[in-house]
Amino acid sequence: MKKIILLVLILNAILYAKPTMSQKSYETLMKAQKHIDVNEIKKAKESLNKLLKEENDYAKSYAYQYLANIALQDNDYIKTQEYYVNIIKLNLLTKESINQIKLSLSKICLSLEEYEVSIKLSHELLIDTKISKTDIYETLIYSYYYTKEFRKSISYIKKQMNSSQKKKENIYQILYSSYIELKNYTQAISTLNIMVRLWPKQQNYWLQLISLYQETKQYKKALSTIELSYKKGILNPQKNTQFFVNLLLQNNLYQKASMTIENGIKKGYIEEDKKTFELLISSYLNAKEFNKVITVLSKSKFAKNKKFKKILANLHYQQQDYKSSIHVLNSIPSKRNNKIDADDQILLALCYYEENHIKETTFHLQKALHTKKKKRALEIAKILRIDISNSDNI
């Protein structure tokens, strides 16, 4: 924006100044220009301030343009705004020049967050056929966006797009953000799909698109999008493996999820911690890969707690490895206050029964009678034809 404004200032001053002021004033203006060319800004300002003391308002107008130029180069937008306003008040330059100053002022007001002023100036300029509508539209797009008038911002984005064939990334960003603010996720997704085609190397656009698919519960599209980004080499598997795993789980692709976790741990993409371990076990169980669950639970340092021991014991039982199930259950520490775990006692009873240890079966079913699973223990005893009525000594 600054380069455009500077160009306007310089062209206006040089092309139109000479015929409107005395030779002496013109020479003072050109002297200021020479000082600017060699970066003698202090001397340039001295010359320009002399012109401001003259009675010739044309000389003042051009002096203000040069001072605005200097202020803009110093990023002093407030001073730049002041000089532009003075030029417009003097109103001695051509209508075309004044409107160019207004265009520059509208951009300065936008930078200073004076959005209403910027909008007012921009609308005044829309009737000028000599000024590029694209520039005006862009100022209105930002001004309306920052005043949270998102629908108006979108309307000028569409006009801007129709008036220019050039695809501007910043405009698409505002369009996407406006749709998000309006919770119009369908149009936001449509916009992001265009953005990933136009700027495919922008990882952030891919991630935003995937997230929106997730938020709108379009899990298959989210998964296909992240897989496409991997195939194109856009997203880094090292940074996004966990994200990918979550998408696989949302799509009930448990086997692929477990393979991805295994590969991520192996390559160092995922930290091998308790949370990852639980996710891996859950994926194995849902994929019905019970042998893998048994192997991992038998070796991992994260499988020492009761939750995983009970899972392991149940899997051994399902695979008719009753001795292993008994071994795992007996390794589980007792609960505080010697509180009996009904599920453990019932499973132990069933394992001992399969091993033809009726005494032990009776003992553990009798222990289960002292829990909330008493009814279940009685049902099993009835099925197995075992008398567990004498449990007073348990």
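In what follows, the accompanying structure is described. Residues take numbers from 1 onward in each chain, read along the sequence in its written order. Totals for whole chains, interfaces and linings use all residues, but because this is a predicted model, local features are given only for residues with pLDDT of at least 70 and pairs of side-chain atoms are given and counted only at 80 or more. Side-chain numbers come from the whole structure's heavy atoms, not from hydrogens or water.

## Topic: the overall build of the chain
Right, so step 1: The secondary structure listing takes helices from DSSP runs of H or I that are at least 4 residues long and strands from runs of E that are at least 2 residues long, numbered from the N terminus. Helix and strand counts for the chain stand at 22 helices and zero strands.
Right, so step 2: Taking 21 Å as the expected radius of gyration for a compact globule of 394 residues, we find that the chain reaches 38 Å, considerably beyond that expectation.
Right, so step 3: Across its three principal directions, the C-alpha atoms of the chain cover 125 × 40 × 40 Å.
Right, so step 4: Taken over 394 residues, the chain has a buried fraction of 45%. Two things to know: the radius of gyration comes from C-alpha atoms, and the globule rule equals 2.2 Å times the number of residues to the power 0.38. In this scheme, a residue with accessible area under 20% of its type's maximum is buried, one over 50% is exposed, and one in between is partly exposed, where area comes from a 1.4 Å probe on protein chains only.

## Thoughts on the environment of serine 389
Right, so step 1: If you trace the backbone, serine 389 turns up in the segment after helix H22 (374–384).
Right, so step 2: Of the residues examined, serine 389 reaches a relative accessible area of 58% and is grouped as exposed.
Right, so step 3: Taking the C-alpha atoms as reference points, serine 389 and isoleucine 194, 195 residues apart in sequence, are found 74 Å from one another.

## Side note on the environment of glutamate 124
Right, so step 1: Tracing the chain through its elements places glutamate 124 in helix H7 (residues 115–125).
Right, so step 2: In this structure glutamate 124 comes out as partly exposed when scored by relative accessible area, which is 33%.
Right, so step 3: Distance in space between the C-alpha atoms of glutamate 124 and leucine 103 is 9.6 Å, their sequence separation being 21 residues.
Right, so step 4: Within the local environment of glutamate 124, its side chain forms a polar contact with the side chain of lysine 102, the two groups lying 3.5 Å apart. Each polar contact in these results corresponds to two N or O atoms within 3.5 Å; when the atoms are within protein, one needs to be able to donate a hydrogen and the other to accept it, and residues that are neighboring in sequence are counted only if both atoms are side-chain atoms.

## Some thoughts on the packing of aromatic side chains
Right, so step 1: Put simply, two rings from Phe, Tyr or Trp (the six-membered ring, in Trp's case) pair if the centres are within 6.5 Å, and we call them stacked under 30 degrees between planes, edge-to-face over 60, tilted for the rest. Using the criterion set out here, one finds 12 aromatic pairs in the structure.
Right, so step 2: Between the aromatic rings of tyrosine 115 and tyrosine 146, the centroid separation amounts to 5.5 Å while the plane-to-plane angle is 25°, which identifies the pairing as stacked. Here tyrosine 146 lies in helix H8 (residues 133–146) and tyrosine 115 lies in helix H7, a separation of 31 residues in the sequence.
Right, so step 3: Using a relative accessible area of 15% as the deciding quantity, one classes tyrosine 115 as buried.
Right, so step 4: Here tyrosine 230 and phenylalanine 244 contribute two aromatic rings whose centre-to-centre distance is 5.2 Å and whose plane-to-plane angle is 90°, an arrangement assigned as edge-to-face. Separated by 14 residues along the polypeptide, tyrosine 230 in helix H13 (residues 219–231) and phenylalanine 244 in helix H14 (residues 237–250) bring together distant segments of the chain.
Right, so step 5: Under the relative-accessibility criterion, phenylalanine 244 is labelled buried at 8%.

## Regarding the nonpolar core
Right, so step 1: Nonpolar core, defined: a set of buried Ala, Val, Leu, Ile, Met, Phe, Trp, Tyr and Cys residues in which side-chain atoms within 4.5 Å join the residues together. Counting 70 residues, the largest nonpolar core has Leu192, Met195, Ile210, Ile226, Ile281 and Leu297 as the members making the most contacts within it.
Right, so step 2: Tallying contributions element by element places H8 first for this core, with seven residues.
Right, so step 3: Setting aside residues no more than four positions away along its own chain, leucine 192 makes contact with Tyr176, Tyr205, Gln208, Leu209 and Leu212.
Right, so step 4: Within the second largest apolar cluster, 30 residues are counted, among which are Ala68, Ile87, Leu93 and Cys109. By definition in these notes, contact holds between two residues if any of their heavy atoms fall within 4.5 Å.

## With respect to the side chain of threonine 225
Right, so step 1: Take threonine 225: it is sitting in helix H13.
Right, so step 2: Of the residues examined, threonine 225 reaches a relative accessible area of 10% and is grouped as buried.
Right, so step 3: In this view, threonine 225 contacts Trp206, Leu209, Ile210 and Tyr213; residues no more than four positions away in its chain are not counted.

## A short note on the packing of helix H11 (residues 185–198) against helix H12 (residues 203–215)
Right, so step 1: The axes used here are C-alpha line fits, helices contributing only the stretch in contact, and every angle between their N-to-C directions lies in the interval 0 to 180 degrees. At a closest axis distance of 9 Å, the pairing of H11 and H12 adopts a crossing angle of 150°. Judged on the interaxial angle alone, H12 and H11 are roughly antiparallel. Crossing angle aside, the handedness with which H11 passes H12 is left-handed. Counted together, Tyr185, Ala188, Ile189, Leu192, Asn193, Met195 and Val196 of H11 and Tyr205, Trp206, Gln208, Leu209, Leu212, Tyr213 and Glu215 of H12 form the full contact between these two elements.
Right, so step 2: Broken down by class, the residue content of the contact of H11 with H12 amounts to 11 nonpolar, two polar and one charged. When describing relative orientation, an angle under 35 degrees is termed roughly parallel and one over 145 degrees roughly antiparallel, while 65 to 115 degrees is termed roughly perpendicular and anything else oblique. We call a crossing left-handed when the near helix sits turned anticlockwise from the far one by less than a right angle, and right-handed when that turn is clockwise. Following the grouping adopted for this structure description, the nonpolar residues are Ala, Val, Leu, Ile, Met, Phe, Trp, Tyr, Cys and Pro, the charged ones are Asp, Glu, Lys and Arg, and the polar ones are all others, Gly among them.

Keep in mind these values describe shape, not function.
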